[in-house]
Amino acid sequence: MPFIPHTKADVASMLAVVGAADIDELFDEIPANLLARDSGDGDAAGLTEMETLRRMVERARADETGPCFLGAGAYDHHIPSAVWDIASRGEFMTAYTPYQAEASQGTLQLVYEFQTMMSELTGMDVCNASVYDGGSGLAEAILMAVRAGERRAPGGRAGGRRRASRSRRVFLAGAVNPLYVAAARNIVGQQGIEISQLPHGDNGLADPGLLKDLAEPPAAVVVQQPNFFGLLEDVDPVTDQAHECGALTIACVNPLTLGLLKAPADWGDDGADIACGDGQPLGIPMASGGPSFGFICTRQSLVRQLPGRIVGRTRDLDGKPGFTLTLQAREQHIRRAKATSNICTNQGLLVTAATIYLSLLGPEGLRNVASACHARTRDLVAALDLPRRFDSPYFHECVLRLDRPAQPVVEALAAQGILGGLALGPYFSDLADCLLVCATEKRTAREIRQFADTLRDAVRKAA
């Protein structure tokens, strides 16, 4: 924090102008039970700078853990030092939403590069910048699909597929991240949009056959790849069946896996219509759960439904290359009734880090990281020697079955300094004895052996 040299006379003068007796009166709307009156030591006089720094170091150490085998939407990947060394430079760290956009050529170029890379990863025509996280990205993708259906007549075919349905209902095919779903329901539920779950099969995967006998065609079908259980969905028949019943397909994807897996634009005969997800795997630290950034990519035909901003490349009067905002769908730029979203400040700093990360790794580096994650997870599953709940192929997460409830085991592992996966009971009542584990390229053979030994002890003690 900077030193602010206000004297007592300065403070008294300012308080007199605003008509307050003291500084505390400026915060009298805060309930008394929420105010921190001392430093935690009962020392109401406060701490010196040296004591404060010591206290912060102690508290930071309390947050330190051992190896992380927890995934479920936030992943402990290696982040090259250059990523945040560059992203933390003043011109990036302090850059705010450009209200005079074309005066901020550096910011616009970076966003343009980000959108280009994400479009290449997903195979889509356009990408936005940006939404807040994977959950808000899913919500905005659902809103896009519903708006698209309302603006197109149902029935018949257009471009080889059925036209979008005017329904305000969306189906989730298989195991979609329940945290994303909860966020999406909170956002779209107030707009009369219903999100319905199609159950996953015994193999943990979506059953495209469930889409054949729907009484009413939905606006969209959401499928996650890899799904919440870490399994690889057979996305081609799900995509084709969704299109056959008149629905758009929303692909919820982990962008890092696209270094190896088929791009959403190549799913089925016609490809997915919208791709969304969380950008955390691309150079963003876990940071106890956030912040992160979300992304949405789509086809050119749906670009008018895309929230956020799109940056385009052009040439000025002198023929020099330049960048400009070509689409601004927020309510500050156009009439509120025509705005697609009220998203304002996008996650610009995090998008900056992701752009640097992708630039440093390149296509081959991204493939190498994805391959290493899959290999480490196979090693982890073999070392833990527990039965798999689902036999389907997985990427870098896997559901293992214990012989007892998983939650006490996870807590015992945490007490030993290991983030040992996610107990699935709170999200799926029939999987209370199951543990979702993950291994990224950071996990070493020694850490995997340590986890296996500690897990056996934790299971024994939980008995």
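Above this text sits the structure in question.
To keep things clear, this report deals only with the structure shown in the data block.

The rules behind these values
Residues numbered from 1 in each chain as written. Predicted model: local features only at pLDDT ≥ 70, side-chain atom pairs only at ≥ 80, totals over all residues. Heavy atoms only, no water. Helix = DSSP H or I, 4+ residues; strand = E, 2+ residues; numbered from the N terminus. Buried < 20%, exposed > 50% of the residue type's maximum accessible area, 1.4 Å probe, protein only. Contact = heavy atoms within 4.5 Å. Areas by Shrake-Rupley, 256 points an atom, 1.4 Å probe, with all protein chains shown as cover. Core = buried A, V, L, I, M, F, W, Y, C linked by side-chain atoms within 4.5 Å. Patch = residues over 30% accessible without salt bridge, like charges linked within 9 Å, V, L, I, M, F, W, Y side chains within 5 Å. Salt bridge = Lys/Arg side-chain N within 4 Å of Asp/Glu carboxyl O. Lys, Arg positive; Asp, Glu negative; His and termini not counted. Charge placed at Lys NZ, Arg CZ, Asp CG, Glu CD. Phe/Tyr/Trp six-rings, centres within 6.5 Å; stacked < 30°, edge-to-face > 60°. Lys NZ or Arg CZ within 6 Å of the ring centre and 35° of its normal. Pairing = 2+ DSSP bridges. Axes fitted to C-alpha atoms, helices over the stretch in contact; angles between N-to-C directions. Left-handed = near helix turned anticlockwise from the far one by under 90°. Nonpolar A, V, L, I, M, F, W, Y, C, P; charged D, E, K, R; others polar. Arc of directions from axis to C-beta. Polar contact = N/O pair within 3.5 Å; in protein donor to acceptor, adjacent residues only side chain to side chain. Right-handed = clockwise from strand over helix to strand, strands pointing away.

Bringing the overall build of the protein chain into the picture now. If you tally the helices and strands in the protein chain, you get 11 helices and 14 strands. Residue burial in the protein chain is summarised as follows: out of 463 residues, 47% are buried. Long-range contacts, defined as pairs at least 24 residues apart, comprise 72% of the intrachain contacts of the protein chain with a sequence gap of at least 6. Accessible surface for the protein chain amounts to roughly 22,800 Å². Of this, 51% is attributable to carbon and sulfur atoms.

Counting 54 residues, the largest nonpolar core has Phe-114, Met-118, Val-221, Tyr-357 and Leu-366 as its most contacted members. At 12 residues, the largest contribution of residues to this core is made by helix H9 (residues 348–384). Excluding its chain neighbours within four sequence positions, the residues that come into contact with Tyr-357 are His-78, Pro-80, Val-83, Leu-256, Pro-281, Leu-282, Gly-283, Leu-366 and Val-369. Counting 37 residues, the second-largest nonpolar core is a separate cluster that includes Leu-205, Leu-231, Leu-413 and Val-437.

A few words now on a negative patch on the surface. On the surface, Asp-22, Asp-24, Glu-25, Asp-28 and Glu-29 cluster together into a negatively charged patch. Structurally, Glu-25 can be placed in the loop between helix H1 (8–18) and helix H2 (49–62). Note on Glu-25: relative accessible area 34%, which makes it partly exposed.

Summed over all chains, the structure comprises 8 aromatic pairs. Judged by centre distance (6.1 Å) and plane angle (35 degrees), the rings of Phe-228 and Phe-428 are tilted. Of this pair, Phe-228 sits in the loop between strand S6 (220–225) and helix H8 (235–244) while Phe-428 sits in the loop between strand S13 (422–423) and strand S14 (434–438), placing them 200 residues apart in sequence. The buried category is assigned to Phe-428, whose relative accessible area is 15%. Put simply, the rings of Phe-228, Phe-229, Phe-390, Tyr-427 and Phe-428 pair up and form one aromatic cluster. Here the basic side chain of Arg-443 rests over the ring of Phe-69, its NZ or CZ set 5.9 Å away from the ring centre.

As a further point, take the sheet that holds strand S12 (residues 397–401). The strand order S12-S14-S13 describes an open sheet built from 3 strands, whose pairing is antiparallel. The sheet is open, and its two edges are formed by S12 and S13, each paired on a single side. The pairing of S12 with S14 spans 5 bridges and is classified as antiparallel. The partner of Glu-397 across the bridge, within S14, is Cys-438. Strands S12 and S14 of the sheet are contacted by H9, whose axis makes an angle of about 10 degrees with S12.

Overall, the coordinates contain 12 salt bridges when judged by the stated rule. The partner of Arg-299 in a salt bridge is Asp-273, and the shortest N-O contact between them spans 3.8 Å. Here Arg-299, found in the loop between strand S9 (294–298) and strand S10 (309–315), pairs with Asp-273, found in the loop between strand S7 (248–253) and strand S8 (274–278); they are 26 residues apart in sequence, far enough to count as distant. Across the pair, Asp-273 and Arg-299 agree in class, each one buried. Between Arg-460 and Asp-457 there is a salt bridge; the shortest N-O distance is 2.4 Å. A residue pair is termed a helical-turn pair when its members lie 3 or 4 positions apart in one helix, as Arg-460 and Asp-457 do in helix H11 (residues 445–462) at 3 residues. Linked by salt bridges that have partners in common, Asp-76, Lys-442, Arg-443 and Glu-447 make up one network.

Attention shifts here to the packing of H9 against H11. Where H9 contacts H11, the two axes come as close as 9 Å, and the packing angle between them is 35 degrees. Classified by chirality, the crossing of H11 by H9 is right-handed. Residues Arg-376, Asp-379, Leu-380, Ala-383 and Leu-384 of H9 form the contact with H11, whose participating residues are Ile-448, Phe-451, Ala-452, Leu-455 and Arg-456. In terms of residue class, the contact of H9 with H11 is built from 7 nonpolar, no polar and 3 charged.

Once that is clear, we can look at a nonpolar patch on the surface. A contiguous nonpolar patch, built from Val-17, Val-18, Ile-23, Leu-26, Phe-27, Ile-30, Leu-34 and Leu-35 and spanning about 740 Å² of accessible area, is present on the exposed surface. As for its position among the elements, Ile-23 is in the loop between H1 and H2. A relative accessible area of 42% means that Ile-23 is categorised as partly exposed.

Direction of pairing for S10 relative to strand S11 (residues 321–328): antiparallel, over a ladder of 7 bridges. Residue Arg-309 lies in a different strand from S11, and its bridge partner there is Gln-328. In this antiparallel pair of consecutive strands, S10 and S11, the connection spans 5 residues, and Gly-319 shows a positive phi of 85 degrees.

To continue, consider helix H7 (residues 178–188). Inspection of H7 places Tyr-180, Val-181, Ala-184 and Val-188 among the buried residues, and these make up the whole buried set. Projected down its long axis, H7 shows its buried positions confined to an angular sector of 95 degrees, all on one face. Along its buried surface, H7 packs onto helix H6 (134–150), strand S4 (169–173), strand S5 (194–198), S7 and S8. Where H7 starts, the residue carrying a side-chain oxygen 2.8 Å from the main-chain nitrogen of Leu-179 turns out to be Asn-177.

Across 5 bridges, S4 lies against S5 in parallel orientation. The partner of Ala-173 across the bridge, within S5, is Leu-198. Between S4 and its parallel partner S5, the chain crosses via H7, and the hand of that crossover is right-handed.

Now for the environment of Arg-304. Mapping Arg-304 onto the fold places it in the loop between S9 and S10. The exposed category is assigned to Arg-304, whose relative accessible area is 64%. C-alpha of Arg-304 to C-alpha of Arg-147: the two residues are 157 residues apart in sequence and 9.9 Å apart in space.

On their own, these measurements won't tell you what the molecule is for.
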